[in-house]
Amino acid sequence: MGRIHNSSLPDLKAGEKLSPKGFIDFCRKVDAELVDLKFCDLLGSWQHCAYPVDEIDQGTFKDGLGFDGSSIRGWQDIHKSDMLALPQPETACLDPFFKVPTVSVVADIADPETREMYSRDPRYVAKKAVEYLHKSGIGDTAYIGPEPEFFIFDEVRYEQNQHRGMYEIDSVEGAWNTARFEEPNLGYKPGYKGGYFPVSPTDTFGDLRAEMVFEMKKVGIKVEAHHHEVGTAGQAEIDMVFAPLLKMSDQMMWYKYIVKNVAKRAGKTATFMPKPIFEDNGSGMHTHFSLWKDGKPLFAGGGYAGLSEIGLHAIGGILKHAPAILAFAAPTANSYRRLVPGYEAPVNLAYSMRNRSAACRIPMYSANPKAKRVEFRCPDPSCNPYLAFSAILMAGLDGIKNRIDPGKPLDVNIYHMSKADLAKVPSTPGSLAESLDALKRDHAFLMGGGVFTEDLIETWIDYKTTYELDPLRLRPHPHEFHLYYDS
C-alpha cells in the first residue's frame, strides 16, 4: 500500500488534540496492523514496544501500558520498577520503517500507583516548561528552530578493552581516500573543512539527504533546506522550520530516527556524535529561539540588531547560565572536542549580530519582525531535545524576569583580538565535568514552576559522572602511547 502522510490525520482546530477515538479511526484508515509505542529515556534515546492494533482501544489512553522502568537508563530502581506509558494520540503517524503498516505514537510516563506524571520523563519536563511560560505572563509560545548536523559514513569500527582501544571510520567522501583503490577512483573528495555547499559530483549525498527529507515530510515535519556541511566524509545538515517547543522536541526524535534508518537502508551509517573526525569541524545544533504572545513576536524592537529589551534580557539569561545549560545541551565528553577555538565553534559567551564565534548570534537575513530570534550556537545534536530546549527557555525567562544585562556585543573578529582582550570574554566550559560542576552550582533557574526537579538534576549529574566521566578517566587514550610509551 502507498504511504499516507501525517496530514491524513483529522483536521484539528487550533489547540485541539486528537481524541483516542480519532486515533483508533486513523489506525483503521491506514489499515494498520501494529501500534508502535515510543518514549524518550533520560539521555535522549527513543525506546519502543509494538502491539497488535486490536490490543489498543480507547481505554488504553487512560489506563496506560506497563513496562519495566528499571531497564531504562537513568530511571527507576529495581524495587519500584513498574511504570506506565500513556499514549498521546495527537502524536500518531504512520511509521515509515516497518514492513507491516504500523502507526507510531509517543507516550508520556506515569507512576502506576500514584498516577502522577514521572519527574524524570523528559517529555513531561518540556510540557512543564511550556506551562511555566504561560503562567509567567511573558509569552504564550516558545518557538525553537534547531539546525542539527551529522555525518554519513560507509563504515565504523570501534573497540575498547583491557589490551586494545581503537576506532576507525571510513567514507567514500573522506579526504583521506583520494588514493584509495576504487576501480576507478575519480577524486571528488571534499577536503578537510572543504565540504560547505559543493554540488555533485563532490557532494555525493544529495539524493540520500533528499530521501531523508521525504521521509520527514511523511511524518509531518516541515523542512526548510538540506545541504552538505563543512566537514569532509559526508557531513550533512537538514534544517526544520521552527515550531513550538514541545512539537519541535518530538520532531527532533523523529529527525534522528529517520536520518539513521534512511542511512542504514542505503548501506550507510549516520552519527550525531559531536566530534568524530580529528582536525575537522564537529557537528553542532545551532538552536534558534524566540518568544511570542498573542501572535506577536516579543524579540523584535528598536535595540541592538533590531532586538527588543525582552530579547536582550533573554540573551543575558542564556549567557549567564550557559555553562549550566550545556550540561544538557552539550551533554557528552565528546561535545567538548567540538567546543574548542578554531573550528567555527562558538566558544565565546557573548552575543553578536553576525559573528559566528559568539555563543548567541542574531541572524540578520531579514528585517521582518517575525524573523527576529536568537541563535544559541553551543548545543549539539547528541542532546536530549526535551531537556536542552527546556533549559534554554528557562534561562531566557530568568533573564527577562531579572532584567539580566547581556553586556556589550562582540562585533570583532576574534582572530584579530589580542590575547589580553580575548581573555576578558567568558568562554564555554572546557569539559563535561566543568559543565556538570556549573549545573551543581547554578540550577535554581531551572526549577521555577517545578520544571526541572532536584531529583532529575542529581540523577543526571550522577549518571554522567558514573557511566561516562569515570570510565573515561580510567582508560588510557591511544594518543598517550604516541606521547609517553618511550618516556
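Conventions we followed
- Residues numbered from 1 in each chain as written.
- Predicted model: local features only at pLDDT ≥ 70, side-chain atom pairs only at ≥ 80, totals over all residues.
- Heavy atoms only, no water.
- Helix = DSSP H or I, 4+ residues; strand = E, 2+ residues; numbered from the N terminus.
- Rg over C-alpha atoms; globule rule 2.2 N^0.38 Å.
- Contact = heavy atoms within 4.5 Å.
- Areas by Shrake-Rupley, 256 points an atom, 1.4 Å probe, with all protein chains shown as cover.
- Buried < 20%, exposed > 50% of the residue type's maximum accessible area, 1.4 Å probe, protein only.
- Polar contact = N/O pair within 3.5 Å; in protein donor to acceptor, adjacent residues only side chain to side chain.
- Axes fitted to C-alpha atoms, helices over the stretch in contact; angles between N-to-C directions.
- Parallel < 35°, antiparallel > 145°, perpendicular 65-115°, else oblique.
- Left-handed = near helix turned anticlockwise from the far one by under 90°.
- Nonpolar A, V, L, I, M, F, W, Y, C, P; charged D, E, K, R; others polar.
- Phe/Tyr/Trp six-rings, centres within 6.5 Å; stacked < 30°, edge-to-face > 60°.
- Pairing = 2+ DSSP bridges.

**Student:** If you had to explain the overall build of the chain to someone new, which residues and values would you point to?
**Tutor:** Summing up its helical and strand segments, the chain has 12 helices and 18 strands in all. What you see for the chain is a C-alpha radius of gyration of 23 Å, in line with the 23 Å of a compact globule of 487 residues. If you line up the chain on its principal axes, its C-alpha atoms span 65 × 60 × 50 Å. Here the analysis covers contacts within the chain between residues at least 6 apart in sequence; of these, 68% occur between residues at least 24 apart. Element-wise, carbon and sulfur atoms account for 52% of the exposed surface of the chain, whose accessible area totals about 22,700 Å².

**Student:** Please give an account of the side chain of Asn334 that cites residues and values.
**Tutor:** Checked against the element boundaries, Asn334 lands in the loop between α6 (309–329) and α7 (335–338). The class of Asn334 is buried, set by a relative accessible area of 17%. One polar contact links the side chain of Asn334 to the main-chain amide nitrogen of Lys275, over a distance of 2.7 Å. In contact with Asn334, not counting residues within four places along its chain, are Met273, Pro274 and Lys275.

**Student:** How would you summarise the packing of α6 against helix α8 (residues 385–401) if you had to cite specific residues and measurements?
**Tutor:** Each packed pair of helices is defined by two parameters, the angle between the axes and the distance between the axes. It is at 6 Å that the axes of α6 and α8 come closest, and there the two elements cross at 140°. The angle between the axes of α6 and α8 places the two elements in the oblique class. The handedness of the crossing between α6 and α8 is right-handed. Packed against α6, whose contacting residues are Ile310, His313, Ala314, Gly317, Ile318, His321, Ile325, Phe328 and Ala329, the element α8 presents Leu387, Ala388, Ala391, Ile392, Ala395, Gly396, Asp398, Gly399 and Ile400 at the interface. Tallied by class, residues from the contact of α6 with α8 come to 12 nonpolar, five polar and one charged.

**Student:** Could you give an account of the packing of aromatic side chains, naming the residues involved and the relevant values?
**Tutor:** Aromatic ring pairs are defined here through the distance separating the ring centres and the angle between the ring planes. Inspection of every chain in the model, using the stated rule, returns 23 aromatic pairs. Between Phe289 and Phe299, the ring centres sit 5.6 Å apart and the planes meet at 85°, which makes this aromatic pair edge-to-face. With Phe289 in strand β14 (residues 285–293) and Phe299 in the loop between β15 (296–297) and α6, this residue pair connects regions lying 10 residues apart in the sequence. Across the pair, Phe299 and Phe289 agree in class, each one buried.

**Student:** Kindly report on the packing of α6 against helix α10 (residues 432–441), identifying the contributing residues and their values.
**Tutor:** At a minimum axis distance of 7 Å, the contact between α6 and α10 shows a crossing angle of 120°. Where α6 crosses over α10, the handedness of that crossing is left-handed. Contacts between α6 and α10 involve Pro323, Ala324, Leu326, Ala327 and Phe328 from the former and Ser435, Leu436, Ala438 and Leu439 from the latter. Across the contact of α6 with α10, the residue classes tally to eight nonpolar, one polar and no charged.

**Student:** Describe the side chain of Ser81, listing the residues and the values that go with them.
**Tutor:** Structurally, Ser81 is set in the loop between β3 (65–68) and β4 (82–87). If near-sequence neighbours (up to four positions away) are discounted, Ser81 is found in contact with Phe67, Asp68, Gly69, Ser70 and Gln76.

**Student:** Any details on the pairing of β4? Residues and values, ideally.
**Tutor:** Taking burial as the measure, the six residues of β4 include five buried ones, the bulk of the element. Bridge count between β4 and strand β6 (residues 102–110): four bridges; the pairing is antiparallel. Following the sheet pairing, Leu84 is matched in β6 by Ala110.

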